[in-house]
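One letter stands for each residue in the lines below.
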Amino acid sequence: MTSPTDSPGPVPPRGTEPEERPVAEGMAALANMGWQILLTMGLATIALGVIALVWPGATLRVVGILFGVYLLVTGVFQLAAAFGAHVPRHLRVLHFITGAASILLGLICFRGTLESILLLALWIGFGWLLRGTTETAAAASAPAMPGRGWHVSFGIVGALAGIVMIVMPFASIATLTLVVGVMAIIVGLTEVVRAIRTRVEIGHLASGTATQRRPLFHARPHPQH
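Residues numbered from 1 in each chain as written. Predicted model: local features only at pLDDT ≥ 70, side-chain atom pairs only at ≥ 80, totals over all residues. Heavy atoms only, no water.

A surface patch of nonpolar side chains, about 1,000 Å² in accessible area, is lined by Leu48, Val50, Ile51, Leu53, Val54, Trp55, Leu178, Val179, Val182, Met183, Ile186 and Val187. Contributing elements (two or more residues each) for the nonpolar patch: helix H1 (16–54) and helix H6 (169–211). A total of six residues in the nonpolar patch trace back to one element, the largest contributor, which is H6. Relative to the assigned elements, Leu48 resides in helix H1. (Patch = residues over 30% accessible without salt bridge, like charges linked within 9 Å, V, L, I, M, F, W, Y side chains within 5 Å. Areas by Shrake-Rupley, 256 points an atom, 1.4 Å probe, with all protein chains shown as cover. Salt bridge = Lys/Arg side-chain N within 4 Å of Asp/Glu carboxyl O. Helix = DSSP H or I, 4+ residues; strand = E, 2+ residues; numbered from the N terminus.)

In total, this model carries five aromatic pairs according to the counting rule given. Between Phe67 and Tyr70 the ring centres are 6.4 Å apart and the planes differ by 25°, which places this aromatic pair in the stacked class. Of this pair, Phe67 and Tyr70 both sit in helix H2 (residues 56–82), three residues apart, which is roughly one turn of the helix. Using a relative accessible area of 7% as the deciding quantity, one classes Phe67 as buried. A relative accessible area of 45% places Tyr70 in the partly exposed class. With a centroid separation of 6.3 Å and an interplanar angle of 90°, the aromatic rings of Phe83 and Phe96 are classed as edge-to-face. (Phe/Tyr/Trp six-rings, centres within 6.5 Å; stacked < 30°, edge-to-face > 60°. Buried < 20%, exposed > 50% of the residue type's maximum accessible area, 1.4 Å probe, protein only.)

For the second largest pocket, the calculated volume is near 370 Å³. Ala52, Thr59, Val63, Thr177 and Val180 are, among the 18 residues lining the second largest pocket, the residues nearest its centre. Those elements that place two or more of their residues in the lining of the second largest pocket are H1, H2, helix H4 (113–140) and H6. Partitioned by chemical class, the residues of the lining of the second largest pocket number 14 nonpolar, four polar and no charged. (1 Å grid on protein atoms, 1.4 Å probe; cavity = no way out; pocket = protein on both sides within 12 Å on 5 of 7 lines; lining within 4 Å. Points joined across faces, edges and corners; volume = space filled by probe spheres on them. Nonpolar A, V, L, I, M, F, W, Y, C, P; charged D, E, K, R; others polar.)

Our next topic: the pattern of salt bridges. All chains considered together, the criterion is met by one salt bridge. Glu191 is the salt-bridge partner of Arg194, the closest N and O atoms lying 3.6 Å from each other. Of this pair, Arg194 and Glu191 are both found in helix H6, three residues apart, which corresponds to roughly one turn of the helix. For Arg194, a relative accessible area of 47% corresponds to the partly exposed category.

Glancing now at the side chain of Ser116. You can see Ser116 is positioned in helix H4. Apart from residues no more than four positions distant in its own chain, Ser116 is found in contact with Gly64, Phe67 and Cys109. (Contact = heavy atoms within 4.5 Å.)

Counting residues in hydrophobic clusters, the biggest one holds 11 residues: Leu60, Phe67, Leu71, Cys109, Ile117, Leu119, Leu120, Ala121, Ile124, Met165 and Ile173. Considering each element in turn, this core owes the most residues, five residues, to H4. Apart from the residues within four sequence positions on either side, Ile117 is in contact with Leu60, Phe170 and Ile173. (Core = buried A, V, L, I, M, F, W, Y, C linked by side-chain atoms within 4.5 Å.)

On to the packing of H2 against helix H3 (residues 89–109), then. Viewed as axis vectors pointing N to C, H2 and H3 meet at an angle of 155°, and their least axial separation amounts to 7 Å. Classified by the interaxial angle, the pair formed by H2 and H3 is roughly antiparallel. Every pair of crossing elements has a handedness; the one defined by H2 and H3 is left-handed. Side by side, H2 and H3 meet where Gly64, Phe67, Gly68, Leu71, Leu72, Gly75, Val76, Gln78, Leu79, Ala81 and Ala82 of the first sit next to Arg92, His95, Phe96, Thr98, Gly99, Ala100, Ser102, Ile103, Leu105, Gly106, Leu107 and Cys109 of the second. (Axes fitted to C-alpha atoms, helices over the stretch in contact; angles between N-to-C directions. Parallel < 35°, antiparallel > 145°, perpendicular 65-115°, else oblique. Left-handed = near helix turned anticlockwise from the far one by under 90°.)

This part covers H3. Between the first and last C-alpha of H3 there are 31 Å, a value that for 21 residues agrees with the 30 Å anticipated at 1.5 Å per step. Taken together, the buried positions of H3 are Gly99, Ser102, Gly106 and Cys109. Down the axis of H3, the sector holding all buried residues measures 85°, keeping them to one side. Among the exposed residues of H3, those pointing more than 90 degrees away from its buried face are Arg89, His90, Val93, Ile97 and Leu104. Check the buried side of H3 and you find it contacts H2 and H4. (Expected span 1.5 Å × (residues − 1). Arc of directions from axis to C-beta.)

Here we take up H4. In this model H4 runs 40 Å from its N-terminal to its C-terminal C-alpha over 28 residues, within 8% of the 40 Å that 1.5 Å per residue would give. Buried residues of H4: Ser116, Ile117, Leu119, Leu120, Ala121, Ile124, Gly125, Gly132, Thr136 and Ala139, and no others.

Low-pLDDT portions of the prediction should not be read for the details of their coordinates. For the protein, mean pLDDT is 78; residues scoring 70 or higher make up 76% of the total. Within the protein, H1 has the poorest average pLDDT of any element, 74, and helix H5 (residues 148–167) the best, 88. (pLDDT = per-residue confidence, 0-100.)

Structure below.
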């Protein structure tokens, strides 16, 4: 018989391992899901880039249809906002005009590929022109702006690209499709490399934690010995 004062040694606190194990398993599952999603996105981006380079005409048709759908959805939301009670009166007319124009342009996109490509090129061209002009004017009027020269240069280049897109819409949009295809392949390859490196790092961490894992059964002397 042993006295109550005899203790087999320090006993680790109960409940520590069961609490740490679900957290570690959850982090491992999240990391595995992360690199798998990254790999899938990279492969999908590469596939889109290859499709844009191999079939530029089909890519432009699909992009034109998607642009028409975007205009229709935007127009519907603009019309709904025009009749909303939370919109001030002086903005309802603007919402109504922009919504009706978006729906009209969206319907024109569905008439044919040329119409949709032309509207898409003009949309991008005017957007670049407006952004480039605004950025150049903002940088020119603010002498204390950090990187003022870069902002002015980017603004001028963007405005010139917008003018070229407006003047030569079909040639510009075809060139833009090729550039987007090449960039998509580059971005996709980068994502695939990142996913592979993440998977390798997860494997190294898993092997390191496995070697540091404590045994499940501790060798303790029996109280009767």
